[in-house]
Structure formats: structure tokens, C-alpha cells
Amino acid sequence: MPAIDVAIVTGASSGIGAATVQELTKAGLVTIGLARRVEQVEALKANLPVEAVARLHAFKCDVSKEKHILEAFKFVENTFGGVDMLVNNAGVYQKVDLFENGNTASLRQSLDVNVLGLTLCSREAFFSMQKRGVAGHIIHINSIEGHYVPCYPGANLYPASKFAVTAITETMRNELRNSGTKIKVTSISPGFVTTPMEDLCDVYANTETSTMPVLHPEDIAHGILYALGTPPHVQVHELIGEPV
């Protein structure tokens, strides 16, 4: 593992986020899990080796609210000195059609969490890394839907938000290079993952056979560890994982 000491993971209460905070903590990082349901992050300590428990910390944060993001990063700065790695995992999917009455709040939330929340968290992580001269790492949990748009009901802005993450990753990479930093940025795009996005699971269950192959949250967490573990001269631009 590289010399990265403090990691922040958004959407850490379940699914990919929960698997990621556990793997990072076990790998020796001080890990702060941001989530609206902090009690679920605290409960993850029961799954950790005794020596790792003290490295996992929970902080209440809704990434659709800038105030929460600023408070979370201030907490990390005051308590741990700053962040060395950020995993932008928080995301929402709501089964709503684009041409549906009364869908404005759902559409706005998709953009606020999946796009703006990711961007603001990355901005604050960059400030922290730049201030301390850290060659950190920003990882976006993207999706195969950030590269092509499948046909299923209720997709709404989910594919669009993930296409935005693909573009944002490249924009960030350009800005990080132009600013002369050694900060890495990686997009990880999984196929179908068994997560608590129950509505999305129902969509796939209705359109595929019951024996369809799936990825598990731990598979994505291991991909994060791989990208994080590359030497300083290697940057994983895009990691796509499909179940077989």
C-alpha cells in the first residue's frame, strides 16, 4: 500500500461503501465513513479485527448538502490533519421516468448526490491534499451506465449522472495535471452489483433470468485497493468490472 494514511468514503453505511470502509480499515488506513445513517457505519466495527476497530470513524453527512460536506472535511482536518484518499461512493437511483408528473425532486436529487456531491467532496479533498503537498488519490464509483445507456424503465437521470462522472473524471485529471500535483483520480465502473438499491435490483430481476451473474460489494472494494496500491508512476484511469 502507498503512504496514504487517512481515507474518506461517502455513502459508507451499506453496499459498496460499507465493504470499502472495512477493507481500507483492515489495510491499515484511518477511515472515515460518511453517511446519513451513521449507526450503520458504527455497526461495521463488529466485522473488523480487534486491532482495526479504532481506525474506523463515522460522521453524519448528506452529500446533497454542501454544509454537511464542509463540516465533514473540517472534522477530518481538525481530528486527523486532513485527507489523503477520497472514495466518492454515495449515489442514488430512483425508479422515476423522465416524462412523469411530479418527478422534479427525484431528478434534482440524482444530480445533487451523484454529480454535485461528488464534485464538492472532490474539491474539498483536493484543497486538503494540496495544502499539505500530499500525492493523494480521488476515486469515483462510476458505473457501466457511465459508458452506455441500457434500456430499462425508470432509468431517469441515473445514466446521465454517471456519464457526467466519466466527463468529470477527465476534467479533474486535466486540472490536476495542469496544477502540477501528483494527485491521482480514478473512475471505477462496475456492472450490476448486489446493493441495497432495491428498486434497481427489481428492474434487473424483471428483465433478466434469476441466475444472472452479479458482482458483490467486496469485488469493487478490492478494485479500489488495486488502484490505490499502484506505484506513484502508475495511474488507473478507468477500471470496468463486469460479472461473468
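What you see is a predicted model, and the numbers here were worked out from it, not measured in a lab. (Residues numbered from 1 in each chain as written. Predicted model: local features only at pLDDT ≥ 70, side-chain atom pairs only at ≥ 80, totals over all residues. Heavy atoms only, no water.)

For the rest of this paragraph, the subject is the overall build of the protein chain. In terms of helices and strands, the protein chain carries seven helices and seven strands. Going from N to C terminus, the protein chain has its helices and strands arranged as β-α-β-α-β-α-β-α-β-α-β-α-α-β. Expected size for 244 residues packed as a compact globule is a radius of gyration near 18 Å; at 17 Å, the protein chain falls within 12% of this value. C-alpha atoms of the protein chain, sized along the principal axes, occupy 45 × 40 × 35 Å. Counting the 244 residues in the protein chain, one finds 52% classified as buried. Total accessible area computed for the protein chain in this model is approximately 11300 Å², and 56% of it derives from carbon and sulfur atoms. Taking the average location of the 19 positive side-chain charges in the protein chain and that of its 25 negative ones, the two points are 8 Å from each other. (Helix = DSSP H or I, 4+ residues; strand = E, 2+ residues; numbered from the N terminus. Rg over C-alpha atoms; globule rule 2.2 N^0.38 Å. Buried < 20%, exposed > 50% of the residue type's maximum accessible area, 1.4 Å probe, protein only. Areas by Shrake-Rupley, 256 points an atom, 1.4 Å probe, with all protein chains shown as cover. Lys, Arg positive; Asp, Glu negative; His and termini not counted. Charge placed at Lys NZ, Arg CZ, Asp CG, Glu CD.)

Along the chain, glycine 11 turns up in the loop between β1 (6–10) and α1 (15–26). Take glycine 11: its relative accessible area is 23%, and that puts it in the partly exposed class. Separated by 50 residues in the primary sequence, glycine 11 and cysteine 61 place their C-alpha atoms 8.6 Å from one another. Residue contacts for glycine 11: discarding those within four places in its chain leaves Gly17, Ala18, Leu34, Asn89 and Ala90. (Contact = heavy atoms within 4.5 Å.)

With a phi angle near 45 degrees, asparagine 156 is a residue other than glycine that sits in the positive phi range. Inspection of the secondary structure assignment puts asparagine 156 in the loop between β5 (137–141) and α5 (158–178).

A separate point is the confidence of the model for the protein chain. Should the pLDDT be low somewhere, the predicted coordinates at that spot are not to be read in detail. Predicted confidence across the protein chain gives a mean pLDDT of 92, with 92% of residues reaching 70 or more. Here residues 198–209 scores under 50 on pLDDT; set against residues more than four positions off or in separate chains, the count is 13 contacts. (pLDDT = per-residue confidence, 0-100.)

In this structure, Leu24, Met85, Val87, Ile139, Ile141, Ile220 and Ile224 are the most contacted members of the largest nonpolar core, which totals 28 residues. At the level of elements, β1, α1, β3 (56–60), β4 (85–88), β5 and α7 (217–228) are the ones that each hand at least two residues to this core. It is α7 that contributes the most residues to this core, five residues altogether. Sequence-distant contacts of isoleucine 224, defined by excluding residues within four places in its chain, comprise Thr20, Met85, Val87, Ile139, Ile141 and Ile188. (Core = buried A, V, L, I, M, F, W, Y, C linked by side-chain atoms within 4.5 Å.)

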